[in-house]
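# Understanding the architecture of this molecule
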Amino acid sequence: MAEALWDVARPARPGRVAGAAMAGFRDRGRTPAGLRLIPPPAVTLAVIFGAGTVAVADAAGRGQRGSVVAGLGFGLTRITHATDFACVQVRLPPVVAGAVLGVRPGELAGFVTLDDLWGREAARLGERLSETPSWDERFALTDALLARRGETGPRADPEVAWAWHRLVRTRGRVRVDRLAAEVGWSRKRLWSRFQAQVGLPPKRAARLVRFDHAVHRLVAGQDAARVAADAGYADQSHLHRDVRAFTGSTPALVAGEPFLTIDDIAWPAGG
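None of these values were measured; they are calculated from a predicted model. (Residues numbered from 1 in each chain as written. Predicted model: local features only at pLDDT ≥ 70, side-chain atom pairs only at ≥ 80, totals over all residues. Heavy atoms only, no water.)

### Here's the deal with the packing of aromatic side chains
Heads up, the condition is: In this analysis, rings of Phe, Tyr and Trp, with Trp reduced to its six-membered ring, are considered paired at centre separations within 6.5 Å, and the interplanar angle assigns stacked below 30 degrees, edge-to-face beyond 60, and tilted for intermediate values. Each helix is a run of H or I in the DSSP string that is no shorter than four residues. Each strand is a run of E no shorter than two, and both are numbered from the N terminus. Under the scheme applied here, a residue whose accessible area is under 20% of the maximum for its type counts as buried, over 50% as exposed, and between as partly exposed, the area being computed with a 1.4 Å probe on protein chains only.
Applying the stated criterion to the full structure yields eight aromatic pairs. Taking 5.9 Å as the distance between ring centres and 85° as the angle between the ring planes, the aromatic pair formed by Trp6 and Phe25 counts as edge-to-face. In this pair, Trp6 sits in strand 1 (residues 6-9) while Phe25 sits in strand 2 (residues 21-27), placing the two residues 19 residues apart along the sequence. The burial state of Trp6 is the same as that of Phe25; both residues are buried. In textbook terms, an aromatic cluster arises when at least three aromatic residues are bridged by ring pairs, as seen for Trp6, Phe25, Phe259 and Trp267.

### Quick look at the sheet that holds strand 3 (residues 35-37)
Remark on secondary structure: sheet strands pair via backbone hydrogen bonds, oriented parallel or antiparallel. Rule in force here: Here, any two strands with at least 2 DSSP bridges between them count as paired. Axis definition: a line fitted to C-alpha atoms, limited for helices to the stretch in contact. Angles are taken between N-to-C directions and run from 0 to 180 degrees.
As summarised here, the arrangement of the four strands in space is 3-8-5-6, forming an open sheet in which the pairing is antiparallel. The open sheet has two edge strands, strand 3 and strand 6 (63-65), and neither has a second partner. Recorded for the sheet is a direction-independent mean angle of 30° between the axes of neighbouring strands. Relative to strand 6, strand 5 (residues 53-58) runs antiparallel, the two being bridged by three bridges.

### Here we look at the packing of helix 8 (residues 202-219) against helix 10 (residues 236-247)
Stated precisely, the cut-off is as follows: Angle categories: roughly parallel below 35 degrees, roughly antiparallel above 145, roughly perpendicular from 65 to 115, and oblique for all the rest. Residue contacts are defined here by distance: any two heavy atoms, one from each residue, within 4.5 Å place the two residues in contact. Each residue gets one label: Ala, Val, Leu, Ile, Met, Phe, Trp, Tyr, Cys and Pro are nonpolar, Asp, Glu, Lys and Arg are charged, and the others, such as Gly, are polar.
In the contact formed by helix 8 and helix 10, the axes pass within 10 Å of each other and the chain directions differ by 105°. The orientation of helix 8 relative to helix 10 falls into the category roughly perpendicular. Residues Arg204, Arg207, Leu208, Arg210, Phe211 and Ala214 of helix 8 touch helix 10, and the partners they reach there are His238, Leu239, Asp242, Val243, Ala245, Phe246 and Thr247. Residues that form the contact of helix 8 with helix 10 fall into these classes: seven nonpolar, two polar and four charged.

### Concerning the nonpolar core
A general trend in soluble globular proteins is that nonpolar side chains are found buried together. The cut-off we apply is this: Definition used in this section: a nonpolar core is a set of buried Ala, Val, Leu, Ile, Met, Phe, Trp, Tyr and Cys residues joined via side-chain atoms within 4.5 Å.
Residues Trp164, Leu167, Leu190, Phe194, Phe211 and Leu239 are the most contacted members of the largest nonpolar core, which totals 37 residues. Secondary-structure elements contributing two or more residues to this core are helix 5 (158-169), helix 6 (176-183), helix 7 (187-198), helix 8, helix 9 (224-230) and helix 10. Here this core takes eight residues from helix 8, the largest share from any one element. Residues contacting Leu167, with those up to four places away along its chain left out, are Gly172, Val174, Leu179, Phe194, Pro202, Ala205, Ala206 and Val209.

### Focus: the pattern of salt bridges
The line we're drawing: By definition here, a salt bridge exists when the distance from a side-chain nitrogen of Lys or Arg to a carboxyl oxygen of Asp or Glu is within 4 Å.
This structure, assessed with the given rule, holds 16 salt bridges. Linking Arg36 and Glu257 is a salt bridge whose minimum nitrogen-to-oxygen distance equals 2.8 Å. Separated by 221 residues along the polypeptide, Arg36 in strand 3 and Glu257 in the loop between helix 11 (251-254) and helix 12 (258-261) bring together distant segments of the chain. Since its relative accessible area comes to 9%, Glu257 is described here as buried. Arg148 is the salt-bridge partner of Glu121, the closest N and O atoms lying 2.5 Å from each other.

Below, the structure is given as structure tokens:
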């Protein structure tokens, strides 16, 4: 980007929650109203702290303000208001998110406030982040809380966790009936358990994983036709439809979205 919207920080070392990635953002006063949020293949936790605030709204106009949790594939969502905010964002694999959050991802409908999930603990975390002077200390504080909560919350079935990791490894290019056969379940049982514990049915989760891989190749400047072919889309129109479904945008425009263009900095692969 010509002018960065945020100062971005990331931890120097991996945290204690398997597969979780963390990043810090501080507003430079340039965050525009209407900024599109692109859904990652993760449950997203955004802890807002300091004097500023952030508000988001989905396609139906339902809004949330302050610290929020976004379920997997949260739909067409935009920032509607942002002023002088700082934020620690965490991306959690859906198969560990239930243990950390205290509710399974299937119980999250789009965005919910962190206060609704954690009560006073959410406010205390924001206060402590405000009082903490460095990003490294903020990351350590957040990581310690996530690890502690992850020891007691509901865990995904091993079969569901295995199926999710298989989707990620294949970049969404594995059939649901094959996944069911590999874990020794019926297709119906896999569908119901996976949806409840991940937050999406297996087929749509595979679409999200495939979309995420494809859209980052578009950000890297690769040709849309080649990306479509290599990512397993039937044709370029198929890729276009998925990009439209997940972002409301087009392949040509989505490549310049701010949250995608900083992914290699804020959300390193395998973080």
